[in-house]
Amino acid sequence: QQKVQQSPESLIVPEGGMASLNCTSSDRNVDYFWWYRQHSGKSPKMLMSIFSNGEKEEGRFTVHLNKASLHTSLHIRDSQPSDSALYLCAARYNTNTGKLTFGDGTVLTVKP
Amino acid sequence: GGIITQTPKFLIGQEGQKLTLKCQQNFNHDTMYWYRQDSGKGLRLIYYSITENDLQKGDLSEGYDASREKKSSFSLTVTSAQKNEMAVFLCASTAGTGASYEQYFGPGTRLTVL
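Residues numbered from 1 in each chain as written. Chains lettered and ligands numbered in written order. Predicted model: local features only at pLDDT ≥ 70, side-chain atom pairs only at ≥ 80, totals over all residues. Heavy atoms only, no water.

Draft legend 1. Looking closely at the overall build of chain A. Along chain A, the regular secondary structure elements total zero helices and 11 strands. Based on the C-alpha atoms only, the size of chain A along its principal axes is roughly 45 × 30 × 20 Å. Split into buried and exposed, the 112 residues of chain A put 49% on the buried side. Long-range contacts, defined as pairs at least 24 residues apart, comprise 54% of the intrachain contacts of chain A with a sequence gap of at least 6. Of the roughly 5,300 Å² of accessible surface on chain A, 49% is carried by carbon and sulfur atoms. Between the mean site of the 12 positive side-chain charges and the mean site of the 10 negative ones, chain A shows a separation of 6 Å. (Helix = DSSP H or I, 4+ residues; strand = E, 2+ residues; numbered from the N terminus. Buried < 20%, exposed > 50% of the residue type's maximum accessible area, 1.4 Å probe, protein only. Contact = heavy atoms within 4.5 Å. Areas by Shrake-Rupley, 256 points an atom, 1.4 Å probe, with all protein chains shown as cover. Lys, Arg positive; Asp, Glu negative; His and termini not counted. Charge placed at Lys NZ, Arg CZ, Asp CG, Glu CD.)

This is the structure we're talking about:
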């Protein structure tokens, strides 16, 4: 079964709006969450990572983590059409392999 | 900085054919990964190699073989292509297996099986 669940599957926001994406692990042995962005036809590029409870902000992007509920969320403020992409959440579990388990992603569309 | 190169960019094969995909990185990274991505979906791990001379199966290894020829290169073989199979195969590398090491991805090989 899928260890990493993302919601919603797709999201449409107006330009300048706020986009909120969710990700939950069903396995408690997670020690790091990663968020990747993948534009159509391109490879995934790392956006942000988080391992401590709380939030982390980089420019228009904010990531939250609640370790008790194994839930992370990505928030994009002042969304731009160039933010339209597939957003992938990945979890690293307590192994020494560096393996990541990816969710199926959220497709974000920002309408001008 | 560095770069990951994948060849070929597009691969068209016939059912039952053995097909090989190649990946090269110049980051001098120890660890390399092969993922499969079906249209609009997440990535599933096929094979990975923690260091040169290491090879480990991922969740989707059945139907595939891999080879780590040297530190900078990692190949994936589809042992018998399945009819109507379409997917993108992504190679990634990372400096180590610690929690904070970011994975960097190549541009992908798009496979179509007729």
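Draft legend 2. How the structure looks around the interface of chain A and chain B. Between chain A and chain B, the contact holds 20 residues from the first and 22 residues from the second. For the pair chain A and chain B, the summed buried surface comes to about 1,700 Å²; carbon and sulfur atoms form 55% of the total. Its largest share of buried area at the contact with chain B, chain A owes to A:T97, A:K99 and A:F102, together 26% of the area lost on that side. Our enumeration of links across chain A and chain B arrives at zero salt bridges. Inspection of the chain A/chain B interface yields four residue pairs in polar contact (both at pLDDT 80 or more). (Buried area = accessible area lost by both parts, 1.4 Å probe. Salt bridge = Lys/Arg side-chain N within 4 Å of Asp/Glu carboxyl O. Polar contact = N/O pair within 3.5 Å; in protein donor to acceptor, adjacent residues only side chain to side chain.)

Draft legend 3. Focus on the side chain of A:D27. All names here are of chain A. Along the chain, D27 turns up in the loop between β3 (19–25) and β4 (30–38). One polar contact links D27 to K3, side chain to side chain, over a distance of 3.4 Å. In terms of polar contacts, D27 uses its side chain to reach the backbone amide nitrogen of N29, at 2.8 Å.

Draft legend 4. Seen up close, the sheet that holds strand β3 (residues 19–25) of chain B. Residue and element names in this part refer to chain B. What the four strands build is an open sheet, ordered β1-β3-β8-β7; its pairing is antiparallel. Strand pairing shows two members of the sheet lacking a second neighbour, β1 (4–7) and β7 (64–70), which therefore form its edges. Neighbour-to-neighbour, the strand axes of the sheet open up by a mean angle of 15°, direction not taken into account. With four bridges joining them, β1 and β3 adopt antiparallel strand pairing. When the bridges of β3 are listed, T7 appears paired with K22. (Pairing = 2+ DSSP bridges. Axes fitted to C-alpha atoms, helices over the stretch in contact; angles between N-to-C directions.)

No statement about biological role is implied by the geometric values presented.
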